[in-house]
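One letter stands for each residue in the lines below.
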Amino acid sequence: MAEAAGVTVPAANFQTLWQHEQGEVYPGPHYRRAYCLLYAMSEPELGFRNALPGEQTPMDFLPIRSGNGDRSKAVEDVLSRIAFNDVDANGRELRERILRAWSHRQAGGDLTGSPLLVIIGGYAGSGKSEFGRFLSQLTGWPVLDKDPVTRPLVEQLLIALGSDAHDRHTDLYWTKVRPLEYRCLLEAAYANLDCGISTVLTAPFIAELTDPGWMRRMANRFEARGVKVSVVWIDCDLETMREYIGFRSAARDSWKLQNWEDYAATVDIGLRPAVPHLVVDNRMGSAVSLTDQVQRMLGAVS
């Protein structure tokens, strides 16, 4: 963003931009100037202030017509800006399904055809939840995020086993608790898919997606249900992950932050699933622009 606006890098941090996007902090003059330069729009057009006398400028929204051609084109343009890598036939199908679901949702209809399971994996703090919500906003597909779905049970089980409620790094967690955690998440997904509801799953899936045998078993199970599966891997750098983990201030991340060097040594930045997949570039230089594009697109096509 800073480079696109022609200002000195670094110009901001992830937390400040996130607060702008969520409406928690009103951007200062230098930020407003950067946004105006980035989008080639004035402050009134971006909603930062009312227009002064004689400054009234019409908003360049897409017209709402009987068809969805212009709006679908806007969504397609945003999807094309997301750094999807490895876009093979599976990747093209996923994009088409997203656009079809969005078009049906705008028209007030339901998506027909076999349900789709989108598995979004990646390391802690990589942006899995945010990308899952992005897909849900476009398509209306429900998101099942591992932590909200399983955390209360996981914490009580850890306590019952004599461990800390926020343990996510010991052998006890990995061998006794984590398998049940993922089983609960998948069972919740099965309930949706059996009702014909496409679903987005977000969880690290580090061990699972790097095990071809696990994916083969899952593919066979889903094929028996008439479900198609797409895997998305969120690529991120350590600096971005650490900043986001610190920003969200989750108790389960306390060990990672207190022992960052030890934790970072377990992170393989080049790790990729051992199954057909898409890669979304969500590193520091891409995450902010992606979020801005999504928010602007949603406002423009509503």
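Structural data are supplied above this passage.
Residues numbered from 1 in each chain as written. Predicted model: local features only at pLDDT ≥ 70, side-chain atom pairs only at ≥ 80, totals over all residues. Heavy atoms only, no water.

A. Examining helix α7 (residues 128-139) more closely. The end-to-end C-alpha distance of α7 is 17 Å, a good match for the 16 Å that 12 residues give at a rise of 1.5 Å each. Residues of α7 that are buried include every one of K128, F131, G132, F134, L135, S136, L138 and T139, and no others. Phi turns positive one or two residues past the end of α7, at G140, with a value near 85 degrees. (Helix = DSSP H or I, 4+ residues; strand = E, 2+ residues; numbered from the N terminus. Expected span 1.5 Å × (residues − 1). Buried < 20%, exposed > 50% of the residue type's maximum accessible area, 1.4 Å probe, protein only.)

B. Fine view of the pattern of salt bridges. Taken as a whole, this structure holds 11 salt bridges when the rule is applied. Residue E43 pairs with R49 through a salt bridge whose shortest N-O separation is 3.0 Å. According to the relative accessible area criterion, E43 is buried, its value standing at 18%. For R49, a relative accessible area of 32% gives the class partly exposed. With a closest N to O distance of 3.3 Å, E130 and R133 form a salt bridge. Separated by three residues within a single helix, E130 and R133 lie in helix α7, roughly one turn from each other. Judged by its relative accessible area of 42%, R133 falls in the partly exposed class. Residues joined by salt bridges that share partners form a network here, namely K146, D147, E181 and R252. (Salt bridge = Lys/Arg side-chain N within 4 Å of Asp/Glu carboxyl O.)

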